[in-house]
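# Fold and contact review
What follows is the residue order along each chain.
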Amino acid sequence: QVQLVESGGGLVQAGGSLRLSCVSSGRTFSRYAMAWFRQAPGKEREFVAAINKSGGNTDYIDSVKGRFTISRDNAKNTVYLQMNSLKPEDTAVYYCAAKPTSYSFTYVSPDEYGYWGQGTQVTVSS
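Residues numbered from 1 in each chain as written. Predicted model: local features only at pLDDT ≥ 70, side-chain atom pairs only at ≥ 80, totals over all residues. Heavy atoms only, no water.

Quick look at the sheet that holds strand 7 (residues 68-73) now. Read from one edge of the open sheet, 4 strands run 1-3-8-7, paired in antiparallel fashion. The strands lining the two open edges of the sheet, one partner per strand, are strand 1 (4-7) and strand 7. With direction set aside, neighbouring strand axes in the sheet form an average angle of 15°. The pairing of strand 7 with strand 8 (residues 78-83) spans 6 bridges and is classified as antiparallel. Across the sheet, Thr-69 pairs through a bridge with Gln-82, a residue of strand 8. (Pairing = 2+ DSSP bridges. Helix = DSSP H or I, 4+ residues; strand = E, 2+ residues; numbered from the N terminus. Axes fitted to C-alpha atoms, helices over the stretch in contact; angles between N-to-C directions.)

A word on the pattern of salt bridges. Tallied over the entire structure, the rule returns 5 salt bridges. Note that Glu-46 is salt-bridged to Arg-38, the shortest N-O span being 2.7 Å. On the accessibility criterion, Arg-38 (6% relative accessible area) is buried. Via salt bridges that share partners, Arg-38, Glu-46, Arg-67 and Asp-90 belong to a single interconnected network. (Salt bridge = Lys/Arg side-chain N within 4 Å of Asp/Glu carboxyl O. Buried < 20%, exposed > 50% of the residue type's maximum accessible area, 1.4 Å probe, protein only.)

Turning our eyes to something else, we now look at the nonpolar core. Counting 28 residues, the largest nonpolar core has Met-34, Trp-36, Leu-81, Met-83 and Tyr-94 as its most contacted members. Those elements that provide at least two residues to this core are strand 3 (18-24), strand 4 (32-39), strand 5 (46-51), strand 7, strand 8, strand 9 (92-100) and strand 11 (120-125). The dominant element in this core, judged by the number of residues it contributes, is strand 9, at 4 residues. Not counting chain neighbours up to four residues away, the residues in contact with Met-34 comprise Leu-4, Cys-22, Phe-29, Ala-50, Ile-51, Ile-70, Arg-72, Val-79, Ala-97, Ala-98 and Tyr-113. (Core = buried A, V, L, I, M, F, W, Y, C linked by side-chain atoms within 4.5 Å. Contact = heavy atoms within 4.5 Å.)

So, in structure tokens, the structure goes:
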């Protein structure tokens, strides 16, 4: 069983930065593809960024390319989301997700992921 705990959310002004962290309790973190999703009030959960098991491949939604960076440290069982140049439309609850896999792919559909964290609120003021 994998438990995921996010941290690092908060209130920031537009143009500012935040770094989200997600720590996994599992002992085989390097076997999991990871991703970040977000959900704004009244909207569906949306893919943000994904990273494969080794960290060598990443994928992003177009609206965050060039501003957000996903990375992982398998020795620390942690995945990160560095968010720069934040915009009010980035306001949402951010969730990390994990998918055990034998492949070195990234996955963008929430249906692929069986493990989810509780979420961390990110609020960007204009």
